[in-house]
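These are the residues of each chain, in order.
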Amino acid sequence: MIRFTTWALKNKAAVILMTVLVLGLGALSYFTLPKEFMPSANNPAVTVIVMGQGTDADTMAEQVTKPIEKAIGSVKGKKHVFSTSADGYSSIDITLDPSVDMKEAKTQVQEALAGIELPEEYTKPIVSQLNLDMIPLWQIGLSFPKGIDRDDMEKIENEIIPMFQGISGVSNVLVHGKQQTQVNITLDQKKMTDYHIPVQALMGILQGKNLAVAVGEEAIDDRKANLKVVGQIDGIKELENMQIASEIRLKDIAKVSISDSSETFFTRVNGEEAVALLLHKESNANAVSIGKKVEQTMEKVNKEFNPTIEASMLISFSEFIVNSVDSMMQAVLIGALFATIVIFVFLRHIRMTLITIVSIPLSLGLTLFLLSQSGITLNVLTIGAVAVAVGRLVDDSIVVIENIFRKAQGGDFSKEVIVTSTKEVAAAITSSTLTTVAVFLPMGLVKSLEELLLPFALTITYALLSSLLVALVVVPLMSSRMLKQGKMPVYKKPKRYIKILDWSLRHKWVPLILSFFIFAGAVGMYVVMPKGAADAADNDVSVSMVYPDDVPFSKVKDETFEFESFLMDQPEVKEVITFLGSNPEDAQFSQINSQNQGSFHVVMKKDANTEKMMEKIDQQKEKYADADFDIMFASLVNFSDSTITLDVVGNDPNKLIKASKQVMDEVKGIDGVEKVTSNQNKLKTVYDINIDQKKVNTEEVARQVQMVLNPFPIGMIKLDGKDTSVLLDSSIHPTSESELKEISVIANEKPVKLSSIAKIERAEKPTSVLRKDNKEYVRVSVEADPKNLSKIANEVNMKAAKLSLPDGISLEYGGAASAQSEQFMELFQLMAVSIGLVYLIMVLTFKTLRAPLVILFTLPLALIGAILGLLISRTPIDIGAMIGALMLIGIVVTNAIVLLDRVRQNEKTMPIRQALLEAGATRFRPIIMTALATIFAMIPLLIGKEEMGSIVSKGLAVVVIGGLSAATLLTLVIIPVVYELFHFKKAKKQRLAKETDIAM
């Protein structure tokens, strides 16, 4: 590696030019790199949704869910299949191994479903595979102060949406809350009875009135011509005056009205009817630059379409991304400043400090350029990686400049002195940097977090290798030019430290036994410490109100709008976005909401107290006794899930309900459990109409009953020159079992009562059929305190395991605690791999097995400090803390490498004891400086705001600061003691020889 230094001293002009180019390319890369919140990452699951309006849960399960489950059985990488069959829809979630190619898995599912033929009343299966790129980064509200009408919707479809789709970098624009105009024919049952017109007969008359059918091609007047039969109804008047029977028109027996689909679902912004536009960006596009264009387009819409349509930015994640990236970059700059102050305090020389810290901008510039060439974006994780590494960027330069300074105490800054000084430490800093890289680079092997950790690991790798290059090329060159003039501070040996080290070497077992007991205590503390989820931190609030299925939608609507008014009246709230009802468009996002669900996204004002607002919302629960509230921080991605799941699995629905209640009652009282819910704790009354097969055809009766009870599409008419769908509502809505029996159907061409051809039986059945891997199940969800997740999970599992469940029922554990345990296990495996790589690199450097083995003793020393740091700061062990522990493996060994590299050099001319004392005295200052520079550079992460539970968290900073602090102090004493123990015979022989010489 010294060749880089020699070349740099011979080619000063080239190095200067390369330095300027690196800074320029780095600045250019920073402003041109795509900015995102997080790297693109796939959710390892594929979802299939099928809609079937008016179909009950049992029928959906038999006719849709089970055939789909059977068809997808051969999908590669499939881990579990969860399905929900509810009234009107089926949702099948296929969870996959993270190593599977998600696009290929989605294609396999689509191919498997291609061979299924579902009954015609069901929609075509919607297959979706969500990833972070599919999250809409901008949500624009189009509100209608004067009320929404059909013309407004056409303007949105034909004019406004194309304006946003035309923005470069926008991949897709979806409309949420789209309103569709329809004509409703509501029958008057009394008049129908008076005129003796059955509903079925009326349907036959109305269907097919508005039709255009090509019937053939003939030669007319010696020219070929197409023949087309056209029947067209133009407008409401013509429909109302349609002849039904002799002297009976449609308006005589029915009311004809125009409505839109907002009667079944609503989208509102600040209390006004609205449509939401959801904008997605292309995978490699710059979210920040697109965000500016989106805002400009929004202003253009307001200019052209006011006052009938008003556009407002509901949610802009591009603004959030800018704030997140800027705050992380601020942490980088403050960390760099703290590192600079530490270096200046130790060196007390401005020019030496400048030479040292030049590695920060140069390393960052080269890192940013390499990121741009690797196709990696600027996001919270990649800039967080820089914030983590910024203190480490000066380590190699500190060691080089300190050695040059010590060698040149007499003012000799010749080329030979600089080359010799750099050569002395070149092997040590190269080895220490490569060991750190060896820890970070395999991070991408953590399967469950691979797509998130790989950019993080590559960023740190680029930064560390860049800093090594700067230390070997730029620092020696700058030293040769800048240190020739001026007075140098006098180098002083650390006398107190030498006395402590000398005593420790003469009383080895005292520090060793003391360290062992401290280490054993630290391991014990780790076992009992709570393992928590990463905290989430964000301003916006998400609220959902879910009512039981048997609550009338009118009541749900009234109470949802009442709660919306409460939110809008709060001074902390900027905007309230409301979604109510079951919107078919939700299937595109792999979800289907209950008809009786209201969802709110509450946008808070800047610097508002979000937690106080959440407390206010919590106090409102009592006013809405029927609703199940869920209040949480709104976030783009969620690293803070703290829900423990218990799946009660079996094939008997009644036993499942009973067992799930047992489980819920058992875990409710556990300390730290905040909420216990079940996905199947509601029953619904179901009437089974058992047809007498000898009297009528079951399918014919079922179709008639379905048409009578539900609005039925009968065709299209021209309304204002546009085709509009027409629905026939029979107005038959039985409110009792007796009224249900009185429903009239046509059997053998005669109207008869339903009770005369069928037996009607009442039963209480679950509102949905839930299946897991082809067996029915009930999921009990336990929301736990995120700071004590692992402890609560253990207690929940222990209590649940003691339950005596019905025969044929089993219990399966999962959720956040299970996922956390899996991630921790992967990280422990990665730590083992990293330690092996570190040891291999050190063996190659020192060309012996013993010295690297001594260096590995720094790892348990670091663990002591990491656990003490977590205890003192009361920080739970989360995924960020575990990644911090992984980082420590690479960081803490660097000091021991620098120390023992000097020892190995000294051994050529000195006894081991003297070599250790001299090496300790010589390397004391660079070790302390590099450690403090890294520690102080981490402080902004320790005290700064966490970006929505990012893995670059407070836990990570606490572990690194605590671990490095303890490891540095103990390394300076324990490592020399262990090294002499590993060379005990040789050291003893040298001491005896020295005593003999003194005696003589």
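Computed from a predicted model, the values in this text were never measured in an experiment.

Caption draft 1: Just the overall build of the protein chain, in detail. For the protein chain, the count of helices and strands is 33 helices and 30 strands. Buried residues in the protein chain amount to 53% of all 1000 residues. Split by element, the accessible area of the protein chain, about 45,700 Å² in all, is 55% carbon and sulfur.

Caption draft 2: Quick look at empty space enclosed by the protein. Within this structure, the stated rule accounts for five cavities of 30 Å³ or more. If you trace the second largest cavity, you find it lined by R392, D395, D396, V399, I429, S432, T894, N895, V898, P926, I927 and T930. If you list the elements that add at least two residues to the lining of the second largest cavity, you get helix 15 (395-407), helix 16 (415-440), helix 30 (879-906) and helix 31 (912-943). Taken together, the residues of the lining of the second largest cavity sort by class into five nonpolar, four polar and three charged. When residues of the lining of the second largest cavity are assigned to domains, at least three fall in each of domain 1 (1-32 + 348-490) and domain 4 (492-528 + 848-999).

Caption draft 3: Representation of the pattern of salt bridges within the structure. Evaluation of the coordinates by the stated rule reveals 18 salt bridges. Taking the shortest distance from any N to any O, the salt bridge between K190 and D194 comes out at 3.4 Å. Placement of the pair is K190 and D194 together in helix 6 (residues 189-194), with a separation of four residues, close to one helical turn. For E424, the salt bridge identified is with R902, shortest N-O distance 3.2 Å. On the criterion of sequence distance, the pair formed by E424 in helix 16 and R902 in helix 30 is long-range, its members being 478 residues apart.

Caption draft 4: Expanded view of the packing of helix 15 against helix 31. Where helix 15 contacts helix 31, the two axes come as close as 9 Å, and the packing angle between them is 150 degrees. In terms of their interaxial angle, helix 15 and helix 31 are classed as roughly antiparallel. The handedness of the crossing between helix 15 and helix 31 is right-handed. Between helix 15 and helix 31, the residues in contact are D395, I398, V399, E402, N403, F405 and R406 and T922, R923, R925, P926, M929, T930, A933 and T934, respectively. Of the residues belonging to the contact of helix 15 with helix 31, the class tally is six nonpolar, four polar and five charged.

Caption draft 5: Region of the structure containing helix 10 (residues 287-305). Taking 1.5 Å of rise per residue, the 19 residues of helix 10 would be expected to cover 27 Å, and the 26 Å separating its terminal C-alpha atoms lies within 8% of that figure. Within the span of helix 10, buried status applies to A287, V288, I290, G291, V294, T297, M298, V301 and F305.

Caption draft 6: Broad picture of the packing of aromatic side chains. Considering all chains together, one arrives at nine aromatic pairs under this definition. Measuring from ring centre to ring centre gives 5.8 Å for F82 and Y777, while their planes differ by 65 degrees; the resulting arrangement is edge-to-face. With F82 in strand 2 (residues 78-86) and Y777 in strand 29 (residues 775-784), this pair connects stretches of sequence that are 695 residues apart. Given a relative accessible area of 14%, F82 falls into the buried group. Between F857 and F982, the ring centres sit 6.1 Å apart and the planes meet at 85 degrees, which makes this aromatic pair edge-to-face. On the criterion of sequence distance, the pair formed by F857 in the loop between helix 28 (850-855) and helix 29 (858-873) and F982 in helix 32 (residues 954-982) is long-range, its members being 125 residues apart. By relative accessible area, which is 35% here, F857 ends up partly exposed. Counting every residue linked through ring pairs, the aromatic cluster contains F563, F566, F600, Y624 and F629. Note that R268 overlies the ring of F561, its terminal NZ or CZ placed 3.8 Å from the centroid.

Caption draft 7: Quick peek at the side chain of T367. Within the secondary structure, T367 is located in helix 13 (residues 359-374). Given the relative accessible area of 1%, T367 is considered buried. Setting aside residues no more than four positions away along its own chain, T367 makes contact with T459, Y462, A463 and S466.

Caption draft 8: Molecular detail of the nonpolar core. In this structure, I140, I156, F164, L277 and M887 are the most contacted members of the largest nonpolar core, which totals 172 residues. With 17 residues, the top contributor of residues to this core is helix 30. Each of two domains, domain 1 (1-32 + 348-490) and domain 4 (492-528 + 848-999), supplies a minimum of three residues to this core. Discounting residues that sit within four places of it in the chain, F164 has contacts with I140, V170, V173, L277, L279, V294, T297, M298 and V301. Membership of the second largest hydrophobic core comes to 38 residues, among which are I185, L187, I197 and V708.

Caption draft 9: The arrangement of unusual backbone geometry in detail. One non-glycine residue with positive phi stands out, namely H196, at about 60 degrees. Relative to the elements of secondary structure, H196 occurs in the loop between helix 6 and helix 7 (199-206). At D773, a position not held by glycine, the phi torsion is positive, near 50 degrees. Examined against the element boundaries, D773 turns out to sit in the loop between strand 28 (768-772) and strand 29.

Caption draft 10: Representation of the environment of I49 within the structure. With respect to the secondary-structure elements, I49 resides in strand 1 (residues 45-51). The sequence separation of I49 and D93 amounts to 44 residues, and the corresponding C-alpha distance is 8.8 Å.

Caption draft 11: Region of the structure containing the environment of V603. Locating V603 in the fold gives a position in strand 18 (residues 597-604). Overall, V603 belongs to the buried group, its relative accessible area being 9%. Sequence-wise, V603 and K574 are 29 residues apart; in three dimensions their C-alpha atoms are separated by 5.5 Å. Apart from residues no more than four positions distant in its own chain, V603 is found in contact with L314, D540, V573, K574, E575 and I577.

Caption draft 12: Molecular detail of the pairing of strand 3 (residues 89-96). Across the eight residues of strand 3, six count as buried, placing the element largely inside the fold. Bridge analysis of strand 1 against strand 3 gives seven bridges, and the strand direction is antiparallel. Across the sheet, M51 pairs through a bridge with Y89, a residue of strand 3. With eight bridges joining them, strand 2 and strand 3 adopt antiparallel strand pairing. Considered in strand 3, the bridge of A86 is made with Y89. Hairpin connection between strand 2 and strand 3: a loop of two residues separates the two successive antiparallel strands, and G88 in this loop has a positive phi of roughly 95 degrees.

Caption draft 13: Just the pairing of strand 14 (residues 272-281), in detail. Among the ten residues that make up strand 14, eight are buried, leaving the element largely enclosed by the rest of the structure. Where strand 6 (residues 170-176) and strand 14 come together, six bridges link them in antiparallel fashion. Bridged to H176 within strand 14 is A276. Hairpin connection, strand 13 (residues 265-269) to strand 14: the antiparallel pair is bridged by two residues, and N270 has positive phi, about 50 degrees.

Caption draft 14: Broad picture of the packing of helix 2 (residues 12-32) against helix 13. Contact pair helix 2 / helix 13: the axes reach a minimum separation of 7 Å and the direction vectors enclose 55 degrees. Considering the angle they form, helix 2 stands oblique to helix 13. Crossing handedness for the pair helix 2 and helix 13: left-handed. Side by side, helix 2 and helix 13 meet where T19, V22, L23, L25, G26, S29 and Y30 of the first sit next to P361, L362, G365, L366, L368, F369 and S372 of the second.

Caption draft 15: How the structure looks around the confidence of the model for the protein chain. Looking at the protein chain as a whole, its pLDDT mean stands at 78, while 84% of the residues score no less than 70. Scored below 50 in pLDDT, residues 531-538 makes 47 contacts in the model with residues more than four places away or belonging to other chains.

Caption draft 16: Main features of the environment of A758. Tracing the chain through its elements places A758 in strand 27 (residues 758-766). Separated by 63 residues in the primary sequence, A758 and K695 have C-alpha atoms spaced 9.1 Å apart. Excluding its chain neighbours within four sequence positions, the residues that come into contact with A758 are I689, N690, I691 and D692.

Caption draft 17: Spatial organisation of helix 16. Look at helix 16: 35 Å from first C-alpha to last across 26 residues, which is about the 38 Å you get at 1.5 Å a residue. At V425, helix 16 shows its maximal bend, which comes to roughly 40 degrees. Counting buried residues in helix 16 gives 20 out of 26 residues, a clear majority hidden from the surface.

Caption draft 18: Representation of a nonpolar patch on the surface in the model. Taken together, the side chains of L17, L21, L25 and L28 define a hydrophobic patch exposed on the protein surface, amounting to about 370 Å² of accessible area. Within the secondary structure, L28 sits in helix 2.

Rules used in this analysis
- Residues numbered from 1 in each chain as written.
- Predicted model: local features only at pLDDT ≥ 70, side-chain atom pairs only at ≥ 80, totals over all residues.
- Heavy atoms only, no water.
- Helix = DSSP H or I, 4+ residues; strand = E, 2+ residues; numbered from the N terminus.
- Buried < 20%, exposed > 50% of the residue type's maximum accessible area, 1.4 Å probe, protein only.
- Areas by Shrake-Rupley, 256 points an atom, 1.4 Å probe, with all protein chains shown as cover.
- 1 Å grid on protein atoms, 1.4 Å probe; cavity = no way out; pocket = protein on both sides within 12 Å on 5 of 7 lines; lining within 4 Å.
- Points joined across faces, edges and corners; volume = space filled by probe spheres on them.
- Nonpolar A, V, L, I, M, F, W, Y, C, P; charged D, E, K, R; others polar.
- Domains from an automatic or database assignment.
- Salt bridge = Lys/Arg side-chain N within 4 Å of Asp/Glu carboxyl O.
- Axes fitted to C-alpha atoms, helices over the stretch in contact; angles between N-to-C directions.
- Parallel < 35°, antiparallel > 145°, perpendicular 65-115°, else oblique.
- Left-handed = near helix turned anticlockwise from the far one by under 90°.
- Contact = heavy atoms within 4.5 Å.
- Expected span 1.5 Å × (residues − 1).
- Phe/Tyr/Trp six-rings, centres within 6.5 Å; stacked < 30°, edge-to-face > 60°.
- Lys NZ or Arg CZ within 6 Å of the ring centre and 35° of its normal.
- Core = buried A, V, L, I, M, F, W, Y, C linked by side-chain atoms within 4.5 Å.
- Pairing = 2+ DSSP bridges.
- pLDDT = per-residue confidence, 0-100.
- Bend = angle between axes of the 7 residues up to and from the residue.
- Patch = residues over 30% accessible without salt bridge, like charges linked within 9 Å, V, L, I, M, F, W, Y side chains within 5 Å.

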